[in-house]
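What follows is the residue order along each chain.
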Amino acid sequence: FDDTSSAAPGMNSQGFYTPAYNMAGPSNDMQGGPGVNNLFADPMASAAMMYGSSLANQGKDMVNKEINRFMSVNKLKYFFAVDTRYVLKKLMILMFPYTHQDWEVRYHRDTPLTPRQDVNAPDLYIPTMAFITYILLAGMALGIQKRFSPEVLGLCASTALVWIIIEVLVMLLSLYLLTVHSDLSTFDLIAYSGYKYVGMIFTVLCGLMFGSDGYYVALAWSSCALMFFIVRSLKMKILPSISSDSMGMGSNSKPQLRLYITVATAVFQPIIIYWLTSHLVR
Amino acid sequence: MAFTLYSLIQAAILCINAVAVLHEERFLSKIGWGVDQSVGGFGDEPGIKVQLMNLIRSVRTVMRGACFFLLRIFSHLTVSG
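What counts and what doesn't
The written sequence of each chain sets the order in which its residues are numbered from 1. Chains and ligands are labelled by the order in which they are written, letters from A for the one and numbers from 1 for the other. In keeping with the model being predicted, local features are shown solely for residues with a pLDDT of at least 70 and side-chain atom pairs are shown and tallied solely at 80 or more, while totals for entire chains, interfaces and linings include all residues. With hydrogens and water set aside, each side-chain value is computed from the structure's full complement of heavy atoms. Going along the chain from the N terminus, every DSSP run of H or I of four or more residues is numbered as a helix, and every run of E of two or more is numbered as a strand. Working definition: with a 1.4 Å probe on protein chains only, accessible area under 20% of the residue-type maximum means buried, over 50% means exposed, and in between means partly exposed. Between two residues, a contact is recorded if the distance between any of their heavy atoms is within 4.5 Å. Computed by Shrake-Rupley with a 1.4 Å probe, the accessible areas treat only the displayed protein chains as cover when residues are assessed. Between rings of Phe, Tyr and Trp, where Trp is taken as its six-membered ring, a pair exists when centres lie within 6.5 Å; planes separated by under 30 degrees are stacked, by over 60 edge-to-face, and by other angles tilted. Every definition here rests on a 1 Å grid over the protein atoms only: cavities are sets of points where a 1.4 Å probe fits but cannot get out, pockets are open sets enclosed by protein on both sides within 12 Å along at least five of seven lines, and lining residues have some atom within 4 Å of a point. Grid points are joined across faces, edges and corners, and a volume is the space filled by probe spheres set on the points. Each residue receives one of three labels: charged for Asp, Glu, Lys and Arg, nonpolar for Ala, Val, Leu, Ile, Met, Phe, Trp, Tyr, Cys and Pro, and polar for the others, Gly being one of them. Given a helix with a known number of residues, its expected span is that number minus one, times 1.5 Å. UniProt positions are given in the numbering used here, feature names are shortened, and annotations may be inferred rather than shown by experiment. The axes are straight lines fitted to the C-alpha atoms, using for helices just the contacting stretch, and the angles between their N-to-C directions are given from 0 to 180°. Angular relationships are summarised with four words: roughly parallel below 35 degrees, roughly antiparallel beyond 145, roughly perpendicular across 65 to 115, and oblique for the angles in between. To form a nonpolar core, buried Ala, Val, Leu, Ile, Met, Phe, Trp, Tyr and Cys residues must be joined to one another through side-chain atoms within 4.5 Å. Whenever a carboxyl oxygen of Asp or Glu lies within 4 Å of a side-chain nitrogen of Lys or Arg, that contact is scored as a salt bridge.

A. View of the overall build of chain A. A tally of helices and strands in chain A yields 11 helices and 2 strands. Starting at the N terminus, the α and β elements of chain A follow one another as α-α-α-α-α-α-β-β-α-α-α-α-α. Buried residues in chain A amount to 41% of all 282 residues. Long-range contacts, defined here as pairs at least 24 residues apart, represent 75% of the contacts in chain A between residues at least 6 apart. A total of about 15,800 Å² of accessible surface is found on chain A, and carbon and sulfur atoms cover 68% of it.

B. Representation of the overall build of chain B within the structure. Regarding its fold elements, chain B presents 4 helices and 0 strands. Looking at the 81 residues of chain B, the share that counts as buried comes to 21%. Long-range contacts, defined here as pairs at least 24 residues apart, represent 51% of the contacts in chain B between residues at least 6 apart. As presented, chain B carries roughly 5,600 Å² of accessible surface, and 70% of it is formed by carbon and sulfur atoms.

C. View of the packing of aromatic side chains. Residues and elements named next belong to chain A. In the structure shown here, the tally under the stated rule is 12 aromatic pairs over all chains. Their ring planes at 55° and their centres at 6.4 Å tell us that W163 and F268 sit as a pair that is tilted. You can see W163 sitting in helix α8 (residues 150-177) and its partner F268 sitting in helix α11 (residues 255-277), a full 105 residues away along the chain. For W163, a relative accessible area of 14% corresponds to the buried category. Under the relative-accessibility criterion, F268 is labelled partly exposed at 26%. Their ring planes at 70° and their centres at 6.1 Å tell us that Y192 and Y195 sit as a pair that is edge-to-face.

D. Quick peek at empty space enclosed by the protein. All names here are of chain A. A complete count under the given rule lists 2 cavities of 30 Å³ or more for this structure. Approximately 80 Å³ is the volume attributed to the largest cavity. Contributing to the lining of the largest cavity are K90, I93, W103, V105, V119, N120, Y192, F229, S233, M236 and K237. For the lining of the largest cavity, the element with the highest residue contribution is helix α10 (residues 196-238), accounting for 4 residues. Across the lining of the largest cavity, the residue classes break down as 7 nonpolar, 2 polar and 2 charged. Taken as a whole, the second largest cavity encloses approximately 60 Å³ of empty space. The wall of the second largest cavity is formed by E167, M171, L189, Y192, S193, I230, L234, T265 and Q269. Contributing elements (two or more residues each) for the lining of the second largest cavity: α8, α9 (186-194), α10 and α11.

E. Highlighting the environment of F68 of chain B. Residue and element names in this part refer to chain B. As for its placement among the helices and strands, F68 is situated in helix α4 (residues 67-80). By relative accessible area, which is 38% here, F68 ends up partly exposed. Along the sequence, F68 and L52 sit 16 residues apart, while their C-alpha atoms lie 21 Å from each other.

F. Summary view of helix α7 (residues 125-144) of chain A. Residues and elements named next belong to chain A. Its 20 residues place the ends of α7 28 Å apart at the C-alpha level, agreeing with the 28 Å of an ideal helix rising 1.5 Å per residue. Of the surrounding secondary structure, the elements contacted by the buried residues of α7 are α6 (84-95), α8, α9, α10 and α11. Looking at the residues trailing α7, positive phi occurs at K146, about 60°.

G. Quick peek at the UniProt feature "transmembrane region" (unreviewed entry) in chain A. UniProt records the feature "transmembrane region" (unreviewed entry) for residues 124-145, 152-178, 198-231 and 257-276 of chain A in the present numbering. Annotated as residues 198-231 of chain A, this span is 100% helix and 0% strand, and its ends, taken at the C-alpha atoms, are 17 Å apart.

H. Main features of unusual backbone geometry. Even without a glycine there, the phi angle at K146 of chain A is positive, about 60°. Within the secondary structure layout, K146 of chain A lies in the loop between α7 and α8.

I. How the structure looks around the side chain of T203 of chain A. Residue and element names in this part refer to chain A. Tracing the backbone shows T203 in helix α10. A relative accessible area of 0% means that T203 is categorised as buried. In this view, T203 contacts Y215, A218, L219, S222 and I273; residues no more than four positions away in its chain are not counted.

J. Layout of the packing of α6 of chain A against α10 of chain A. All names here are of chain A. Where α6 meets α10, the closest approach of the two axes is 7 Å, and the angle between their N-to-C directions is 95°. Accordingly, the angle class assigned to the pair α6 and α10 is roughly perpendicular. For the pair α6 and α10, the contacting residues are K90, L91, I93, L94 and M95 in the first and V198, G199, F202, W221, S222, A225, L226 and F229 in the second. In the contact of α6 with α10, the residues fall into 10 nonpolar, 2 polar and 1 charged.

K. Region of interest: the nonpolar core. Residue and element names in this part refer to chain A. Counting residues in each nonpolar core, the largest one holds 49 residues, and the members touching the most others are Y134, Y197, F229 and L280. Elements with a minimum of two residues in this core: α6, α7, α8, α9, α10 and α11. Of all the elements, α10 adds the most residues to this core, at 12 residues. Counting residues in hydrophobic clusters, the runner-up holds 7 residues, among them Y78, A121, L124 and F187.

L. Fine view of the pattern of salt bridges. Residue and element names in this part refer to chain A. For the structure on display, the rule yields 1 salt bridge over all chains. With a shortest N-O distance of 2.6 Å, K196 and E167 are connected by a salt bridge. Of the two residues, K196 is situated in helix α10 and E167 in helix α8; the sequence distance between them amounts to 29 residues. Residues K196 and E167 agree in their burial class; the two are buried.

Written out as structure tokens, the structure is:
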């Protein structure tokens, strides 16, 4: 897809993966700037600088190659190609999905559109930000109740992360066992599992501001909204099978099983929201 | 229920170990889950039981290959720690 902002995120992602190597580069340049006359006069220093920069480039290429073996950075970039308008609309849909009409993910010559151009596309920016915000909010809530300590923050973060991993693995396993040939990749599932953090943040905030009653009201509201959102989004991807290898019949496996997967995923969300937030709001 | 990443890895290793030690002849054939009883499911309707049996067999094959020693070492470390 057209990654129009590939200059900035590209360098950022490479800079993230190779912080040590990139820091060698600019510092060499900064030393070369004011002392450029001295460098040209001193062949040893200029040779050392060139050797250092070539070594840094080699290291950067090697690290990129290794990273690309495990996960394709291009596919990851697709999930982070968002803009402000998309984020605002998506957050509104997550909290109030009942008026959204068209849930199809639009394609453009066989590749799915980026989140910038299509509001229904899943992204990883909102789940990542929501996860970090949730951890900070949990720390704040525990601090208000005077139960805070730095270990608790790490414990909360790893608990939430473990639940995401479990949910994504269970979803992958059930999709594999029922031979559902959908185009849901691992990152899509991570994105859809991460959307519940937005509901969790809303619930915890209401619980902190309005007490126990506000917590339960917000829990009910965000659970219903999230369940609706998940069912409508996954229905498009799992239930109709446009597989070209079947003999023109409908789905490969029984459609009830696919419906059970969708509904089970949706029902799992409020349970997790309650589990991960109830200890924060007493 | 506070999970850590460490306990997740422990649980995953124990589960994979449990799936890998299901013996083909002594146990799976007795309850009709042997892989030799699943042929004939060609076409586009493998069914969930056949998928499960294939999954068990592939876990066992992978475990008997490279991961056998890795898992043994790791489980010794985690169970004792």
